[in-house]
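Fold and geometry: a report
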Amino acid sequence: MRNGAMVAALLGVSGPAAAIALPSAGGVQIAQLNIQQRVIIRVPTRPEPPERRMRWKEKDGPDCIDATALAGAQVGPDGVDLLLNGGTRLRARLSSACPALNFYSGFYVRPGRDGRICEDRDSIRTRAGGSCEIDRFRRLVPDKRDRRRR
């Protein structure tokens, strides 16, 4: 087995991408190895029970969030409330109406190459095939004026 083929086998790469060249006695050969990966995250949604509904106040939010921080979501009239690991809650305001979000229990989001989901860059993709661009993120905090029992 040639050295290049052995390196490819160790990396688990096959096909044209496995053409790895190593230094040879006649000089140095240069080769390129491209490994591409595509990640799409399915985010489950479910409505908040009426007895637990509370009012939220919007504050400034981040420009981007780590995709690994997503724990779930709730679709509402003002956008999509994203539930993050650790209890943080953000509202993704969408650039246009996205009625197909209410028909299925979940949606898809594809993070950028940096592994983050960003406003004015990324979109929420409905399970019906539509796409709704994220206009901005807003951080949600409980509204102190909400006097209902929790």
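Everything below is about the structure shown above.
Residues numbered from 1 in each chain as written. Predicted model: local features only at pLDDT ≥ 70, side-chain atom pairs only at ≥ 80, totals over all residues. Heavy atoms only, no water.

As a further point, take the pairing of strand E5 (residues 79-84). Of all six residues in E5, five are buried, a share of seventy percent or more. In terms of strand pairing, E5 meets strand E6 (residues 89-94) through four bridges, oriented antiparallel. Paired with Val80 across the bridge in E6 is Ala92. The loop that links E5 with its antiparallel partner E6 comprises four residues; one of these, Gly86, has a positive phi angle of about 95°. (Buried < 20%, exposed > 50% of the residue type's maximum accessible area, 1.4 Å probe, protein only. Helix = DSSP H or I, 4+ residues; strand = E, 2+ residues; numbered from the N terminus. Pairing = 2+ DSSP bridges.)

Another aspect to go through is a positive patch on the surface. On the surface, a cluster of positive charge is made up of Lys57, Lys59, Arg139 and Lys144. Examined against the element boundaries, Arg139 turns out to sit in strand E10 (residues 131-142). Using a relative accessible area of 36% as the deciding quantity, one classes Arg139 as partly exposed. (Patch = residues over 30% accessible without salt bridge, like charges linked within 9 Å, V, L, I, M, F, W, Y side chains within 5 Å. Areas by Shrake-Rupley, 256 points an atom, 1.4 Å probe, with all protein chains shown as cover. Salt bridge = Lys/Arg side-chain N within 4 Å of Asp/Glu carboxyl O. Lys, Arg positive; Asp, Glu negative; His and termini not counted. Charge placed at Lys NZ, Arg CZ, Asp CG, Glu CD.)

A complete count under the given rule lists two disulfides for this structure. In this model Cys64 forms its disulfide with Cys118; the gap between the sulfur atoms is 1.9 Å. Around the S-S axis, the bridge from Cys64 to Cys118 shows a dihedral of about 110° and counts as right-handed. Highlighted residues: Cys64 in strand E3 (residues 64-66) and Cys118 in strand E8 (residues 116-118), separated in sequence by 54 residues. Residue classification places Cys118 among the buried positions, given a relative accessible area of 5%. One disulfide bridge connects Cys98 with Cys132, the sulfur atoms lying 1.6 Å from each other. Between Cys98 and Cys132, the disulfide has an S-S torsion of 70° and is therefore right-handed. One end of the pair, Cys98, is in the loop between E6 and strand E7 (107-109); the other, Cys132, is in strand E10, with 34 residues separating them in the sequence. With respect to burial, Cys98 and Cys132 carry one shared label: buried. (Disulfide = S-S within 2.5 Å.)

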